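Residues per chain are reported as follows:
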Amino acid sequence: MAERITPRAENYSQWYIDTILQSKLADYSPVKGCMVIRPRGYALWEKMKAGLDGLFKETGHQNAYFPMLIPESFLKKEAEHVKGFSPELAVVTHAGGEKLEEPLILRPTSETIIWSMYKKWIQSYRDLPLLINQWANVIRWEKRTRLFLRTTEFLWQEGHTAHATEEEAQEETIKMLMVYKKFAEEYMALPVIAGIKSESEKFAGAVQTYAIEGLMQDKRALQAGTSHNLGQNFAKAFDVTFQTKEGTLDHVWATSWGVSARLVGALIMTHSDDRGLVLPPVLAPIQVMIVPIFKNENKAQVVGYARKLYERLKTQVSVEIDEDDQNSPGWKFAEAELHGIPIRVEVGPKDMEKNQAMLVRRDTYEKIPVANPEVETRVKQLLEEIQNNLYHRALAFRKENTHQAEDYQSFKKLIEEQGGFIESGWCGNADCEAKIKKETKATIRVLPMGRNGAGNRTCILCGEKAKELAVFAKAY
RNA sequence: CGGGAUGUAGCCUAGCGGUUAGGGCGCCUGCUUUGGGAGCAGGAGAUCGGAGGUUCAAGUCCUCUCAUCCCGACCA
């Protein structure tokens, strides 16, 4: 037996850590709060990156790279921005054996350095829109860290766009939010609620922040991506103006949007179980593992049979074959499950006799005998079914764990006893929001879009007529 | 930054002041095995997190220190 993964029911946090360490996605680093992403974890991130990058390119964005070191004075140019980030900055004060004249910040995000450059690059409406994305690492000095979900250094993507009009910037903000929603749902099989963040949860320096929120298996919410309409805040702070068609001078309108390797954590917490990872086929680095089951006397035949299958499958899916003759089949099954490989193909003497293969689903553990000639077709079908099933399973879970509360008593009871998302009316007052947070630890995750607003609801706390429909939850 | 816990081989762990720090997993060698985490035999691997102290004697007691994890306040 390999080391035991703590069951979810016993201790969800420990399960999460055990799963990551044992499946070799990541390991702790020598520096507190940092993590090493191991090849299996990085392969997963690379798949996500490739998917997102494709969606960004489709929507007209280009990649670029801006440096990690930012002059301290840049951060200070936008008042809200510096206020929001100063508690978590890492600062370089010495370099080359000397004290620096001006300290350098290790970027917590790149708005300031990017806008200092946009000032040079934008003169006319003909230079707009400017649609740039960068894949980078950032540093935020967090008090409390968790593998993938919150680490001192993390990998992410940040898009920074500049537009001629307010409407166009708003359109971009929503467009990218929807790209994130599509990615979460179609690639990660993670249903998310898209909506607007309240003032208190807004990005430091934004006019408005939008987010997608998912619900994890422990019924806590996780913010999976954000998209900000920055208005003219950064353009004004860095004095980025352009000449309009009419010849007037105007500040440009901006957006920024990002998702991080936290998505790996979201993926784990959405689908995985007590035997290890469960990965959606679209993002699984290895989709199929073939396990030949042989004895010494029939090894050549069985492995030969398995290899033919492998050759056929590898032109269509990502497949590996485990021919090791030291580990038992049982060991290999457990290993494939730990790593979240969506389909395991078992082939042994019994299958050879019947000219078939045994397909085993990671999501349901169902064993399906399939006639040899139909294996490729069935594997591809099954990968789609698994992807689909994971999404619908997660969606059903979210539905079961989304509740309505009409009064504060039942709201508190729901938060305490049920968890999950709770939909309630909110008057829009930050004091009510803060008080609810203090008393229940639940925060407004989003004001969901595409719903009919507050309707006849009243504020869950003060009882005034509600201005908004709010989704509350305890969050990561 | 507060509260709690833990540091003994790559990992888990025994030790409860007294010889040469014991075991399991993993690793290496050989043989045998293989339809749900195989068996036998042999082998390598530890300045007991670090510093100081108490003692005839410290993995064990004391002080300090460092690190990590868990729980809370702040956050992608």
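Residues numbered from 1 in each chain as written. Chains lettered and ligands numbered in written order. Predicted model: local features only at pLDDT ≥ 70, side-chain atom pairs only at ≥ 80, totals over all residues. Heavy atoms only, no water.

Asks: Can you break down the overall build of chain A residue by residue, with the values?
Replies: The helix and strand inventory of chain A stands at 14 helices and 23 strands. Relative to the 2.2 N^0.38 estimate, which gives 23 Å for 476 residues, the radius of gyration of chain A is 25 Å and therefore close to what a compact globule would have. For chain A, the spread of C-alpha atoms along the three principal axes comes to 80 × 60 × 50 Å. The buried share of chain A, taken over its 476 residues, is 53%. Surface exposure of chain A reaches about 22000 Å², of which carbon and sulfur atoms provide 50%. Here chain A contributes 63 positively and 64 negatively charged side chains, and the mean placements of these two sets differ by 2 Å. (Helix = DSSP H or I, 4+ residues; strand = E, 2+ residues; numbered from the N terminus. Rg over C-alpha atoms; globule rule 2.2 N^0.38 Å. Buried < 20%, exposed > 50% of the residue type's maximum accessible area, 1.4 Å probe, protein only. Areas by Shrake-Rupley, 256 points an atom, 1.4 Å probe, with all protein chains shown as cover. Lys, Arg positive; Asp, Glu negative; His and termini not counted. Charge placed at Lys NZ, Arg CZ, Asp CG, Glu CD.)

Asks: Outline the domain arrangement of chain A, supporting the account with residue identities and numerical values.
Replies: Interfaces are often described in size by the accessible area the parts lose on coming together. As far as domains go, chain A holds domain 1 (12-271), domain 2 (288-382) and domain 3 (402-473). Look at where the C-alpha atoms of domain 1 and domain 3 centre, and you get two points 28 Å apart. At the junction of the two partners, domain 1 supplies 19 residues and domain 3 supplies 15 residues. The junction of domain 1 with domain 3 conceals about 1300 Å² of combined surface from both sides, 65% of it contributed by carbon and sulfur atoms. Inspection of the domain 1/domain 3 interface yields 2 salt bridges. Note that Arg445 and Glu213 form a salt bridge whose closest N and O atoms lie 3.1 Å from each other. (Domains from an automatic or database assignment. Contact = heavy atoms within 4.5 Å. Buried area = accessible area lost by both parts, 1.4 Å probe. Salt bridge = Lys/Arg side-chain N within 4 Å of Asp/Glu carboxyl O.)

Asks: Can you tell me about the packing of aromatic side chains, naming the residues and giving the values?
Replies: Summed over all chains, the structure comprises 15 aromatic pairs. Judged by centre distance (5.0 Å) and plane angle (40°), the ring pair of Tyr12 and Trp15 falls under tilted. Of this pair, Tyr12 and Trp15 both sit in helix 1 (residues 12-22), 3 residues apart, which is roughly one turn of that helix. A residue is classified by how much of its surface remains accessible, and Tyr12, at 12% relative accessible area, is buried. The exposure class assigned to Trp15 is buried, which follows from its relative accessible area of 0%. Pairing Trp115 with Tyr118 gives two aromatic rings, centres 5.0 Å apart and planes at 70°, and the pair type is edge-to-face. (Phe/Tyr/Trp six-rings, centres within 6.5 Å; stacked < 30°, edge-to-face > 60°.)

Asks: How would you summarise the protein's contact with RNA strand B if you had to cite specific residues and measurements?
Replies: Taken together, 43 residues lie near RNA strand B, and Lys32, Arg144, Arg150, Gln223 and Ser328 sit nearest. At the protein interface, 42% of the atoms of RNA strand B within 4 Å belong to sugar or phosphate. Interatomic distance of 2.3 Å between a side-chain N/O atom of Gln223 and a sugar or linking oxygen of RNA strand B. Per-element tally for the surface near RNA strand B: the top contributor is helix 10 (residues 329-338), with 7 residues. A breakdown of the residues in the surface near RNA strand B according to their chemical character gives 14 nonpolar, 10 polar and 19 charged. (Near = heavy atom within 4 Å. Polar contact = N/O pair within 3.5 Å; in protein donor to acceptor, adjacent residues only side chain to side chain. Nonpolar A, V, L, I, M, F, W, Y, C, P; charged D, E, K, R; others polar.)

Asks: Tell me about the sheet that holds strand 10 (residues 208-215), and please be specific about residues and values.
Replies: One key point about sheets: their strands pair by backbone hydrogen bonds, in either a parallel or an antiparallel sense. Judged by pairing direction, the sheet is mixed, and its 11 strands sit side by side in the order 3-7-8-14-11-10-9-22-23-21-20 without closing on themselves. Where the open sheet ends on each side, the last strands, each with one partner, are strand 3 (62-63) and strand 20 (402-404). In this structure, strand 8 (residues 153-163) lies alongside strand 14 (residues 253-260), joined through 8 bridges in antiparallel fashion. Each bridged residue has a counterpart across the sheet, and for His163 the counterpart in strand 14 is Trp253. Here helix 5 (residues 111-121) sits on the sheet and contacts strand 7 (130-139), strand 8, strand 11 (221-231) and strand 14; the angle it forms with strand 8, its principal contact strand, is near 30°. This element, helix 8 (residues 262-271), spans strand 11 and strand 14 of the sheet and lies at about 145° to strand 11. (Pairing = 2+ DSSP bridges. Axes fitted to C-alpha atoms, helices over the stretch in contact; angles between N-to-C directions.)

Asks: Which residues make up the side chain of Thr443, and what values do they have?
Replies: Of note, Thr443 is situated in strand 22 (residues 443-448). According to the relative accessible area criterion, Thr443 is buried, its value standing at 10%. Separated by 2.7 Å, the side chains of Thr443 and Arg445 make a polar contact. Each residue touching Thr443, except ones within four places of it in the same chain, is listed here: Glu201, Lys437, Val471, Phe472, Ala473 and Ala475.

Asks: I'd like a rundown of the pairing of strand 6 (residues 98-106), residues and numbers included.
Replies: Judged from the 3 bridges that link them, strand 4 (residues 69-71) and strand 6 form a sheet pairing that is antiparallel. In the sheet register, Pro71 faces strand 6, and the bridge partner there is Leu104. Hairpin connection between strand 5 (residues 90-95) and strand 6: a loop of 2 residues separates the two successive antiparallel strands, and Gly96 in this loop has a positive phi of roughly 60°.

Asks: I'd like to hear about a nonpolar patch on the surface, residue by residue, with values.
Replies: A surface patch of nonpolar side chains, amounting to about 290 Å² of accessible area, comprises Tyr65, Met68 and Leu69. Note on placement: Met68 falls in the loop between strand 3 and strand 4. (Patch = residues over 30% accessible without salt bridge, like charges linked within 9 Å, V, L, I, M, F, W, Y side chains within 5 Å.)

Asks: Account for helix 13 (residues 408-417), with residues named and values stated.
Replies: Restricting attention to buried positions, one finds in helix 13 the residues Tyr408, Phe411, Leu414 and Ile415. Relative to the axis of helix 13, the buried residues are bounded by an arc of 120° and lie together on one face. In helix 13, the exposed residues that point more than 90 degrees away from the buried face are Gln409, Glu416 and Glu417. The inward-facing, buried residues of helix 13 abut strand 20, strand 21 (421-426), helix 14 (430-440) and strand 23 (468-473). Backbone nitrogen of Gln409 and a side-chain oxygen of the N-cap are separated by 3.2 Å at the start of helix 13; the cap is Asp407. Positive backbone phi, approximately 70°, marks Gly419, located one or two places after helix 13. (Arc of directions from axis to C-beta.)

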